[in-house]
Amino acid sequence: MNTAFIAIILFEIILIVFAIYLLWSWLTKTPFYPSQLKKLDKLFNEKEIPIDSSTNFIDIGSGDGRIMIWAAKKGAMAHGIEYNPFLSLFTRVKTAFKGLSKKVRVFNKDFKNHNYSDYDIVYMYLFPEHMNILKEKLFRELKPGSTIITNTFTLEEVEPYKIVDKFYFYKIVK
Ligand SMILES: C[S@@+](CC[C@H](N)C(=O)[O-])C[C@H]1O[C@@H](n2cnc3c(N)ncnc32)[C@H](O)[C@@H]1O
């Protein structure tokens, strides 16, 4: 077998795996669709949601890690949960190249299997049915004063205390 043939086979395998992932992610309503960072910058520039070195931040369904990296650059300790191993690996490599490995940590697992009690700000850009699976767990585990921010979709039966653009803010009150 020559090298060109092996390269073509490998390339085809990668394409097939990627196509299966795309199909599966749309069927299970868990596609990777990134947030726009410019909008988040505008949001946090309002100073109403401070994010600094004392902030424990988490992006649930962290995709390619852009939100964690964005939060870490503002000083936060940033965690993410992502069950797609390729995106988790990509996040780790990107984080290492940016010298942010100490500030950013991605957990490669299902978001249902995590404890959220340490976080001050929780960010989610997920379909409503997935966020609502987590809603009770978050309201039970998060400490009073913590903020949940959802992008585009809202939490069922909970009123956001603030809406900016397509971001919805919820406060934990106990
Ligand atoms: C719309 S993307 C958002 C990515 C990122 N948070 C952003 O705003 O740029 C949703 C991500 O959630 C991940 N995801 C969906 N369900 C998940 C689950 N049960 N556990 C962990 N990650 C999940 C998907 O793989 C996808 O990368």
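Since we're looking at a predicted model, the values are computed, not measured.

A.B. asks: Got a sec to walk through the overall build of the chain? Specific residues and values, please.
C.D. replies: When helices and strands are tallied, the chain shows 5 helices and 7 strands. Along the chain, helices and strands appear, N-terminal first, in the series α-α-β-α-β-α-β-β-α-β-β-β. Dimensions of the chain, computed from C-alpha atoms along their principal axes, come out at roughly 65 × 35 × 30 Å. Scored against the burial criterion, the 174 residues of the chain give a buried share of 29%. Put simply, 58% of the contacts in the chain that link residues at least 6 apart link residues at least 24 apart.

A.B. asks: Break down the site of the ligand for me, with residues and values.
C.D. replies: Around the ligand, the structure places 21 residues, and the nearest of them are T30, S35, G61, G63 and Y83. Among the residues forming the shell around the ligand, the class breakdown is 10 nonpolar, 7 polar and 4 charged.

A.B. asks: If you had to explain the nonpolar core to someone new, which residues and values would you point to?
C.D. replies: Core analysis: the biggest nonpolar cluster contains 34 residues, and F57, I60, M68, A71, A78 and V122 have the highest contact counts within it. Secondary-structure elements contributing two or more residues to this core are β1 (56-60), α3 (66-73), β2 (77-81), β3 (104-107), β4 (121-124), α5 (128-141), β5 (147-151) and β7 (167-171). Among the elements that take part in this core, α3 stands out by supplying 6 residues, more than any other. Every residue in contact with A78, bar those within four places of it in the chain, is listed here: F57, M68, A71, A72, K103 and V104.

Quick notes on the rules
- Residues numbered from 1 in each chain as written.
- Predicted model: local features only at pLDDT ≥ 70, side-chain atom pairs only at ≥ 80, totals over all residues.
- Helix = DSSP H or I, 4+ residues; strand = E, 2+ residues; numbered from the N terminus.
- Buried ≥ 20, exposed ≤ 12 C-beta atoms within 10 Å, placed from the backbone.
- Contact = placed C-beta atoms within 7 Å.
- Near = placed C-beta within 6 Å.
- Nonpolar A, V, L, I, M, F, W, Y, C, P; charged D, E, K, R; others polar.
- Core = buried A, V, L, I, M, F, W, Y, C linked by C-beta atoms within 7 Å.

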